[in-house]
There are 2 protein chains.
Amino acid sequence: MLQILDSMCILLAKSEQKHFSYTKKMLDQSGLEISPGQLVVLYSLFTKDNISISELSKNVLLDNSTLTGLIDRLEKAGFVMRIDTPNDRRSYQIILTEKAKSHKSTILQLMKQIESKMLEGSSEAEIFMFRSILQRILINFNS
Amino acid sequence: MLQILDSMCILLAKSEQKHFSYTKKMLDQSGLEISPGQLVVLYSLFTKDNISISELSKNVLLDNSTLTGLIDRLEKAGFVMRIDTPNDRRSYQIILTEKAKSHKSTILQLMKQIESKMLEGSSEAEIFMFRSILQRILINFNS
DNA sequence: TTCTTATAATTGGTATGCAAATTTTATGTA
DNA sequence: TACATAAAATTTGCATACCAATTATAAGAA
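Summary of the structure given here.

The rules behind the values
- Residues numbered from 1 in each chain as written.
- Chains lettered and ligands numbered in written order.
- Predicted model: local features only at pLDDT ≥ 70, side-chain atom pairs only at ≥ 80, totals over all residues.
- Heavy atoms only, no water.
- Contact = heavy atoms within 4.5 Å.
- Buried area = accessible area lost by both parts, 1.4 Å probe.
- Salt bridge = Lys/Arg side-chain N within 4 Å of Asp/Glu carboxyl O.
- Polar contact = N/O pair within 3.5 Å; in protein donor to acceptor, adjacent residues only side chain to side chain.
- Helix = DSSP H or I, 4+ residues; strand = E, 2+ residues; numbered from the N terminus.
- Nonpolar A, V, L, I, M, F, W, Y, C, P; charged D, E, K, R; others polar.
- Buried < 20%, exposed > 50% of the residue type's maximum accessible area, 1.4 Å probe, protein only.
- Least-squares fit on C-alpha atoms with pLDDT ≥ 70 in both.
- Near = heavy atom within 4 Å.
- Axes fitted to C-alpha atoms, helices over the stretch in contact; angles between N-to-C directions.
- Parallel < 35°, antiparallel > 145°, perpendicular 65-115°, else oblique.
- Left-handed = near helix turned anticlockwise from the far one by under 90°.
- Expected span 1.5 Å × (residues − 1).
- 1 Å grid on protein atoms, 1.4 Å probe; cavity = no way out; pocket = protein on both sides within 12 Å on 5 of 7 lines; lining within 4 Å.
- Points joined across faces, edges and corners; volume = space filled by probe spheres on them.

1. Focus on the interface of chain A and chain B
Line of reasoning, step 1. Taken together, the contact between chain A and chain B spans 53 residues of the former and 53 residues of the latter.
Line of reasoning, step 2. Summed over both sides, the interface between chain A and chain B buries roughly 5,900 Å², with carbon and sulfur atoms accounting for 69% of that surface.
Line of reasoning, step 3. When the buried area of chain A at its contact with chain B is split by residue, M8, M118 and F141 of chain A rank highest and sum to 13% of it.
Line of reasoning, step 4. Residues R136 of chain B and E126 of chain A are paired through a salt bridge, measuring 3.4 Å at the closest nitrogen-oxygen approach.
Line of reasoning, step 5. Applying the counting rule to chain A against chain B returns 29 residue pairs in polar contact (both at pLDDT 80 or more).
Line of reasoning, step 6. Elements with a minimum of two residues in the side of chain A that touches chain B: α1 (8-30), α2 (36-47), α3 (53-60), α6 (104-119) and α7 (124-141) of chain A.
Line of reasoning, step 7. Looking at the side of chain A that touches chain B, its residues break down into 28 nonpolar, 14 polar and 11 charged.

Next comes the structure, spelled out in C-alpha cells:
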C-alpha cells in the first residue's frame, strides 16, 4: 500500500479521484456525451427541474459560478434549457429537455452500475456504516 | 438530507469536495502558503524525496502533467528544488528545501487536525471499517 | 553507427470547483 | 420618487486533474 494512503484524508481524496475517472470512462463509453459533473446536475433535475440556478446550487451543493458553466454545456448539448422566470428578469428557470428525459433510465442505470462497481465486495452492513460515516463527514466539515 | 446524497457515489464525491474546501481554509489560515494539492506532494516527499517526477507520480497517484504544475508552484514558493539527474538529461530529481523540512512538523500536525475534524464522532471500529472500504473502492476502480 | 523505439518532462486543451468582482434587476427605505 | 441595499447570474482568476501531443534524450536493433 502506498505511503500517502496511511492518511485517511488522502485515502478519501484518492478514492474519489478514481471514482471520478471511472465515471468519466464509463460515460465516454456510453456515448451519452455527458460529463461527470453534468451527471450530478441531471440526477438532481430528474427529481426536480424548473428551478433557478440558485435553487439548483443548493440541491447539488455547487457554487452558482460553477453551475453557470455546467448549465452552459448542458444547454449546448441539448439536455436543458434556460427559460425566463416570470416577474424576475434576473433569473432563469432550468428545465429538462425531452432529450434529457428520454435518456433518464439509461443514465440512472449507468449510475447504478458505477455504484455497484464501487461497492463490489462490501456487505450490506458495511455499506450502511460507510454511508453513515460519509454523512457524518459532510456534517463535520460544514460546522 | 439532500436528494442527490441517496447516491453513494455522489455522497463520496461531496464528502471529498467538502474535505478539500476545509483543507484549503485551514491552510489559508495557517499562513503556510501551501495549497491542498501541494500538501499531498510534500507529505509524500517527507517520506522519500530526491526522486524523479515519474517516480513521484507513482507515489502520489497523479499524472506527470499534473505534477509539473504542482512542482512549479512548490519550487516558486521555495519548498522544493529540481536538480539534474546524473546520466539522464531528460529528468530531474525533486528534493525538499530546508524551508520545507523546517515546516514538516507544522504540516503534519495540521493534517492530523484535519483528519480529527473529519472523523469526529466516529469510533475506532467504524474508522477501521471505513478505511478498509475506501481501500477496496480504490482497488475496485483500478481493475 | 544509424535508425527505430521508448522514456521523461512539459505544454495545451478541457472539465471541475471556489472566491471575488461585476452586471443587471429587485427590494426596502427615506 | 430617489437612493441604498440585496439578490441572481455571470465573468475572471486560480488550483486541481486528465489526456493527447510535443520536445528532448536514452536505449535497443539493424
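Moving on from the coordinates now.
2. Side note on the pattern of salt bridges
All names here are of chain A.
Line of reasoning, step 1. One pass over the structure, following the stated rule, counts 12 salt bridges over all chains.
Line of reasoning, step 2. Between R90 and D88 there is a salt bridge; the shortest N-O distance is 3.0 Å.
Line of reasoning, step 3. Looking at R90, the relative accessible area reads 73%, which means it is exposed.
Line of reasoning, step 4. Beyond isolated ion pairs, a larger network of salt bridges with shared partners links D72, E75 and R82.

3. Examining the relation of the copies chain A and chain B
To go from the first copy of the chain to the second, apply a rotation about an axis and then a shift along the same axis.
Line of reasoning, step 1. Once chain A has been moved 0.0 Å along the axis and rotated by 180 degrees, it coincides with chain B to within an RMSD of 0.0 Å. Each copy turns onto its partner about a two-fold axis. Across chain A, the smallest distance between a C-alpha and the rotation axis is recorded for F130 of chain A, namely 3.0 Å.
Line of reasoning, step 2. Mapped onto chain B, 100% of the interface residues of chain A are again interface residues, and the two copies thus contact each other with one and the same surface.

4. A look at unusual backbone geometry
Line of reasoning, step 1. In this structure, E33 of chain A is a non-glycine residue whose phi angle is positive, near 60 degrees.
Line of reasoning, step 2. By secondary structure assignment, the location of E33 of chain A is in the loop between α1 and α2.

5. Remarks on the protein's contact with DNA strand C
Line of reasoning, step 1. What surrounds DNA strand C is a group of 25 residues, the closest being S35, G37 and D63 of chain A together with S54 and R90 of chain B.
Line of reasoning, step 2. The sugar-phosphate backbone supplies 72% of the atoms of DNA strand C found within 4 Å of the protein.
Line of reasoning, step 3. A distance of 2.5 Å separates a base oxygen of DNA strand C from a polar side-chain atom of R90 of chain B.
Line of reasoning, step 4. Of all elements in the fold, only α2 and α4 (64-76) of chain A together with α3 (53-60), α4 (64-76) and β2 (88-96) of chain B reach the threshold of two or more residues within the surface near DNA strand C.
Line of reasoning, step 5. For the surface near DNA strand C, the leading source of residues is α4 of chain A, giving four residues.
Line of reasoning, step 6. Taken together, the residues of the surface near DNA strand C break down into six nonpolar, 12 polar and seven charged.

6. Overview of the packing of α1 of chain A against helix α1 (residues 8-30) of chain B
Line of reasoning, step 1. The N-to-C vectors of α1 of chain A and α1 of chain B enclose an angle of 130 degrees; their axes lie 9 Å apart at closest approach. Of the possible angle classes, the one that applies to α1 of chain A and α1 of chain B is oblique. Remark: the crossing between α1 of chain A and α1 of chain B carries left-handed chirality. In contact with C9, L12, A13, S15, E16 and H19 of chain A of α1 of chain A, α1 of chain B contributes C9, L12, A13, S15, E16 and H19 of chain B.

7. Some details on helix α2 (residues 36-47) of chain B
Line of reasoning, step 1. Under the 1.5 Å per step criterion, the end-to-end length of α2 of chain B is 18 Å for 12 residues, consistent within 8% with the ideal 16 Å.
Line of reasoning, step 2. Across the 12 residues of α2 of chain B, 10 count as buried, placing the element largely inside the fold.

8. Observations regarding the layout of surface pockets
Line of reasoning, step 1. One number sums up the size of the largest pocket: a volume of about 1,100 Å³.
Line of reasoning, step 2. If you go around the largest pocket, you meet 42 residues; those closest to its centre are E16 and F20 of chain A together with A13, E16 and Q17 of chain B.
Line of reasoning, step 3. When contributions to the lining of the largest pocket are tallied by element, the ones reaching two or more residues are α1, α2, α4 and α6 of chain A together with α1, α2, α4 and α6 (104-119) of chain B.

9. Some details on the protein's contact with DNA strand D
Line of reasoning, step 1. Looking at DNA strand D, there are 26 residues lining it, with S54 of chain A together with S35, G37, D63 and S65 of chain B nearest.
Line of reasoning, step 2. Considering the 4 Å shell around the protein, atoms of DNA strand D inside it are sugar or phosphate in 72% of instances.
Line of reasoning, step 3. Between a phosphate oxygen of DNA strand D and a side-chain N or O atom of R82 of chain A, the distance comes to 3.0 Å.
Line of reasoning, step 4. Elements that contribute at least two residues to the surface near DNA strand D include exactly α3 and α4 of chain A together with α2, α4 and β2 of chain B.
Line of reasoning, step 5. With four residues, α4 of chain B is the single largest residue contributor to the surface near DNA strand D.
Line of reasoning, step 6. Looking at side-chain class alone, the surface near DNA strand D contains six nonpolar, 13 polar and seven charged residues.

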